[in-house]
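Residues per chain, in single letters:
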Amino acid sequence: MGFKVSAPGKIILSGEHAVVYGYPAIAAAVNRRLTVDSDGRIASDIPIGCGMGSSATLAVAQAALKIKETDLEKVNKLAYSFEKKHHGNPSGVDNTVSTYGGFVWYRKESESFKTFKKILPKVRLSKLYLVNTGKPQESTKEMVKYVGGLRKARRTFVDGIFKEIEAVTRGFLDFLLNESKQDFGGLIRENEKLLEKLGVVSESTKSLIRRIEKIRGFAKISGAGGRKEESGMVLIYHKDIDLKLMSVKLGEEGVRIE
Ligand code: MEV
């Protein structure tokens, strides 16, 4: 009998790159999915290589297909091993959020000890959009390597940025849990500023984001980014304007048998 599995793409609200070095990240599954069936034809509405976790999503769907069940822990473990082959030094956040869905607080303490917890948001997120600046020239593996090289050369500088990113990630957690008053747009802007300081956002993407900020919007890259030309997906939040962009729902269902 044919077997069909689907898994969602993701966006990272905060913590990309820092998560590779043991800092926390918050990621959310989005309403775009990849489907694989037992004959191997693949259908997907997740743009490839643009920061929405296309490779991790494929790894998760293929893992579920191989195991032929949705024991999520098993699927996630196998998907992580596929991701490692593909991208070298992944944190595991992408495959974890695609496996479990929803919103995930994720931390890689060490190679053999990764922790995560689902976040059940107490606030409703709306007015969120995605704009695709295009597929970066650099792969995720190359961008992770670039940040690794920078950290080797300028450890105090990079770890300082990571600590500030962690503070922003914690701000997002407080916001989602409604535990303290947080400015959601301000957190997005701050996160983007830190990613720019890290050097993972290209000049053309920065100028797009400045234009969005000029019309009182907030925007950040999501995922590994890109330095040379495009930087992949940009997450936009705007309270007032109904933007005619790809609107995105966060917190969607994880891997499932179709
Ligand atoms: C990619 O979606 C997120 C990065 O932090 C890499 C990773 O966590 O493996 C850039």
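See above for the structure.
All figures in this text were calculated on a predicted structure; none of them were measured in a lab. (Residues numbered from 1 in each chain as written. Predicted model: local features only at pLDDT ≥ 70, side-chain atom pairs only at ≥ 80, totals over all residues. Heavy atoms only, no water.)

(A) Just the overall build of the protein, in detail. The helix and strand tally for the protein stands at seven helices and ten strands. For the protein, whose C-alpha radius of gyration is 17 Å, the value lies close to the compact-globule estimate of 18 Å for 258 residues. Overall size of the protein, expressed as C-alpha extent along the three principal axes, is 55 × 45 × 35 Å. The proportion of buried residues among the 258 residues of the protein is 53%. (Helix = DSSP H or I, 4+ residues; strand = E, 2+ residues; numbered from the N terminus. Rg over C-alpha atoms; globule rule 2.2 N^0.38 Å. Buried < 20%, exposed > 50% of the residue type's maximum accessible area, 1.4 Å probe, protein only.)

(B) Inspection of the site of the ligand at higher detail. The full set close to the ligand counts 14 residues, and Lys 10, His 17, His 87, Ser 91 and Asp 94 are the nearest of them. Take Lys 10: an N or O atom from its side chain is 3.0 Å from an oxygen atom of the ligand. Looking at the shell around the ligand, its residues break down into seven nonpolar, four polar and three charged. (Near = heavy atom within 4 Å. Polar contact = N/O pair within 3.5 Å; in protein donor to acceptor, adjacent residues only side chain to side chain. Nonpolar A, V, L, I, M, F, W, Y, C, P; charged D, E, K, R; others polar.)

(C) Representation of the packing of aromatic side chains in the model. A complete count under the given rule lists seven aromatic pairs for this structure. The interplanar angle of 20° and the centroid separation of 4.7 Å between the aromatic rings of Phe 175 and Phe 184 together place this pair among those described as stacked. Summarising the burial analysis for this pair, Phe 175 and Phe 184 share the class buried. For the pair Phe 184 and Tyr 237, a centre-to-centre distance of 4.9 Å together with 80° between the ring planes defines the contact as edge-to-face. (Phe/Tyr/Trp six-rings, centres within 6.5 Å; stacked < 30°, edge-to-face > 60°.)

(D) Region of the structure containing the pairing of strand E1 (residues 4-14). Of all eleven residues in E1, ten are buried; the element is thus mostly enclosed. Taken together, the two bridges between E1 and strand E10 (residues 256-257) define a ladder with antiparallel strand orientation. In the sheet register, Val 5 faces E10, and the bridge partner there is Ile 257. (Pairing = 2+ DSSP bridges.)

(E) Representation of the nonpolar core. The biggest cluster of nonpolar side chains holds 64 residues, and the ones touching the most others in it are Leu 13, Ile 26, Phe 162, Phe 172, Phe 184 and Leu 250. In terms of residue count, helix H5 (residues 155-177) provides more of this core than any other element does, nine residues in total. Beyond its immediate chain neighbours, meaning those up to four positions away, Leu 13 contacts Ile 26, Ala 27, Phe 172, Leu 176, Phe 184, Asn 191, Lys 220 and Leu 235. In terms of nonpolar packing, the next biggest core, distinct from the first, is built from eleven residues, Ala 25, Val 93, Val 97 and Val 144 among them. (Core = buried A, V, L, I, M, F, W, Y, C linked by side-chain atoms within 4.5 Å. Contact = heavy atoms within 4.5 Å.)

(F) Structural view of the pattern of salt bridges. One pass over the structure, following the stated rule, counts 18 salt bridges. For the salt bridge of Arg 41 with Asp 37, the shortest nitrogen-to-oxygen distance reads 3.8 Å. Across the salt bridge formed by Glu 109 and Arg 107, the nearest N and O atoms sit 3.6 Å from each other. Within the structure, one salt-bridge network assembled from shared partners comprises Arg 107, Glu 109, Glu 166 and Arg 170. (Salt bridge = Lys/Arg side-chain N within 4 Å of Asp/Glu carboxyl O.)

(G) Spatial organisation of the side chain of Asp 94. Within the secondary structure layout, Asp 94 lies in helix H3 (residues 93-100). Excluding residues within four positions of it along the chain, Asp 94 makes contact with Lys 10, Ile 12, Gly 53, Ala 56 and Glu 83.

(H) Seen up close, the side chain of Lys 108. Looking at the secondary structure, you find Lys 108 in strand E4 (residues 103-110). Lys 108 sits in the buried class, given a relative accessible area of 6%. Only 3.3 Å separates the side chain of Lys 108 from the side chain of Tyr 80, close enough to count as a polar contact. In this structure the side chain of Lys 108 is engaged in a polar contact, spanning 3.3 Å, whose partner is the side chain of Glu 111.

(I) Region of the structure containing the packing of helix H4 (residues 140-153) against H5. At a minimum axis separation of 5 Å, H4 and H5 run at an interaxial angle of 120°. As far as their axial angle goes, H5 and H4 are oblique. Along the contact surface, H4 presents Val 147, Leu 150, Arg 151 and Ala 153, while H5 presents Arg 155, Val 158, Asp 159 and Phe 162. Class assignment for the residues of the contact of H4 with H5 results in five nonpolar, no polar and three charged. (Axes fitted to C-alpha atoms, helices over the stretch in contact; angles between N-to-C directions. Parallel < 35°, antiparallel > 145°, perpendicular 65-115°, else oblique.)

(J) Fine view of unusual backbone geometry. The backbone of His 17 sits at a positive phi, close to 70°, despite the residue not being glycine. Tracing the backbone through its elements, the reader meets His 17 in the loop between E1 and strand E2 (25-37). Look at His 17 and you get buried, because its relative accessible area is 5%. Positive phi outside glycine occurs at Lys 127, with the angle close to 60°. Along the chain, Lys 127 turns up in the loop between strand E5 (113-119) and strand E6 (128-132).

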